[in-house]
Amino acid sequence: MIYRDITREQLVSLVTQAVKAQLRPQSRQVPVGVSMRHIHLSRREVDALFGRTYQLTPLQPLNQPGQFACQECLDVIGPKGVLHRVRILGPERPEAQVELAQTDCRTIGVQAPVRPSGRVEGTPGVLLQGPRGVLSLSQGVIIADRHLHMSTAQAQAFGLSDGDVVRVEVGGGKPGVLDGVLVRAGGKYELDLHLDTDDANAFQLKQGQLVTVLDFEKIVAEIAPETSIQISEVE
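Residues numbered from 1 in each chain as written. Predicted model: local features only at pLDDT ≥ 70, side-chain atom pairs only at ≥ 80, totals over all residues. Heavy atoms only, no water.

Draft legend 1. Spotlight on the pattern of salt bridges. Under the criterion given, the structure shown has 7 salt bridges. The salt bridge involving glutamate 45 is made with arginine 44; its shortest N-O contact spans 2.7 Å. In this structure glutamate 45 comes out as buried when scored by relative accessible area, which is 5%. The closest approach of N and O atoms between aspartate 145 and arginine 184, which form a salt bridge, is 3.1 Å. Here arginine 184 lies in strand β14 (residues 176-185) and aspartate 145 lies in the loop between β11 (141-144) and β12 (147-150), a separation of 39 residues in the sequence. Take aspartate 145 and arginine 184: they sit in the same class, and that class is buried. (Salt bridge = Lys/Arg side-chain N within 4 Å of Asp/Glu carboxyl O. Buried < 20%, exposed > 50% of the residue type's maximum accessible area, 1.4 Å probe, protein only. Helix = DSSP H or I, 4+ residues; strand = E, 2+ residues; numbered from the N terminus.)

Draft legend 2. Structural detail: the packing of aromatic side chains. The final tally for this structure, using the stated rule, is 1 aromatic pair. When the ring of phenylalanine 50 is compared with that of tyrosine 54, the centres are 5.0 Å apart and the planes differ by 15°; the resulting orientation is stacked. (Phe/Tyr/Trp six-rings, centres within 6.5 Å; stacked < 30°, edge-to-face > 60°.)

Draft legend 3. Structural detail: the layout of surface pockets. Here the largest pocket is characterised by a volume of approximately 870 Å³. Together, 41 residues line the largest pocket, and Ser35, His38, Leu62, Leu89 and His194 are the ones closest to its centre. Looking at side-chain class alone, the lining of the second largest pocket contains 4 nonpolar, 5 polar and 3 charged residues. (1 Å grid on protein atoms, 1.4 Å probe; cavity = no way out; pocket = protein on both sides within 12 Å on 5 of 7 lines; lining within 4 Å. Points joined across faces, edges and corners; volume = space filled by probe spheres on them. Nonpolar A, V, L, I, M, F, W, Y, C, P; charged D, E, K, R; others polar.)

Draft legend 4. Just the environment of glutamine 102, in detail. Tracing the chain through its elements places glutamine 102 in helix α3 (residues 102-108). Considering only alpha carbons, one finds glutamine 102 and aspartate 199, 97 residues apart in sequence, at a separation of 9.7 Å. If we ignore the near neighbours within four places in the chain, the residues touching glutamine 102 are Ile143 and Asp198. (Contact = heavy atoms within 4.5 Å.)

Draft legend 5. Molecular detail of the state of the cysteines. Evaluation of the coordinates by the stated rule reveals 0 disulfides. Left unpaired, cysteine 70 is separated from the closest cysteine sulfur, that of cysteine 73, by 8.9 Å. (Disulfide = S-S within 2.5 Å.)

Draft legend 6. Quick peek at the sheet that holds strand β16 (residues 210-213). Here 6 strands make up a closed barrel; going around it, the order is β2-β15-β12-β14-β13-β16 and the pairing mixed. With strand direction ignored, the average angle separating the axes of adjacent strands in the sheet is 45°. Relative to β16, strand β13 (residues 165-170) runs antiparallel, the two being bridged by 2 bridges. Across the sheet, the residue bridging to valine 168 is valine 213, located in β16. (Pairing = 2+ DSSP bridges. Axes fitted to C-alpha atoms, helices over the stretch in contact; angles between N-to-C directions.)

Draft legend 7. Expanded view of unusual backbone geometry. With an omega dihedral of 5°, the bond running from glycine 90 to proline 91 counts as a cis peptide bond. For proline 91, the position within the fold is in the loop between β6 (82-90) and β7 (97-99). Backbone geometry at threonine 53 places phi at a positive 70°, although glycine is not the residue there. In this structure, threonine 53 sits in the loop between α2 (43-50) and β4 (58-61). Overall, threonine 53 belongs to the exposed group, its relative accessible area being 67%. Positioned with a positive phi, arginine 85 is a non-glycine residue whose angle comes to about 50°. Assignment of secondary structure puts arginine 85 in strand β6. With relative accessibility at 60%, the residue arginine 85 sits in the exposed group.

Shown next, in the form of structure tokens:
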């Protein structure tokens, strides 16, 4: 069938229907992982705060393979306050990083940027208090960006690639859409949408709750032209 002088709105509707038909057999839902404030340490900080050769003690595994919550906690000290007993997550990393929510930052008087994990250059520092004293971090405090972990195979099933940015729809009592969700895809990851406690509280989200990825709607909107186009439907 041939459509002539089709409008942009009609094209969007046709393409949306076609894409939804392709996606309907696949689940677009992902589980939520609510990320509490936490600390990552390098070997340097472990030595300074706990002693040389000290090994962090795994408490329980996390959703992402190889990562775990530690028994050890530290106090995070800022210009205006203290966050007591902030959990350390393992294993050790190349650089120290303190991941807080905006509410936490206000409590201790730190202005942290929203960053992907691992990008700590130019970020503010804090004091960390452990069993062997207080250590000053010159940088490392961030508000972690919204991000969606998935394995390579899961990303292929979703039609996504590492580094893509998608939107996620939330249902329930306070529904809405989360924009700017960064896709982190790789063999070491498992399906999990990581949000901090501020985002989770704003949408009344709970650990493990299912939400829906809406990336295909963004794609449809981008490919639809402003002018009318002739297209052909091949049966």
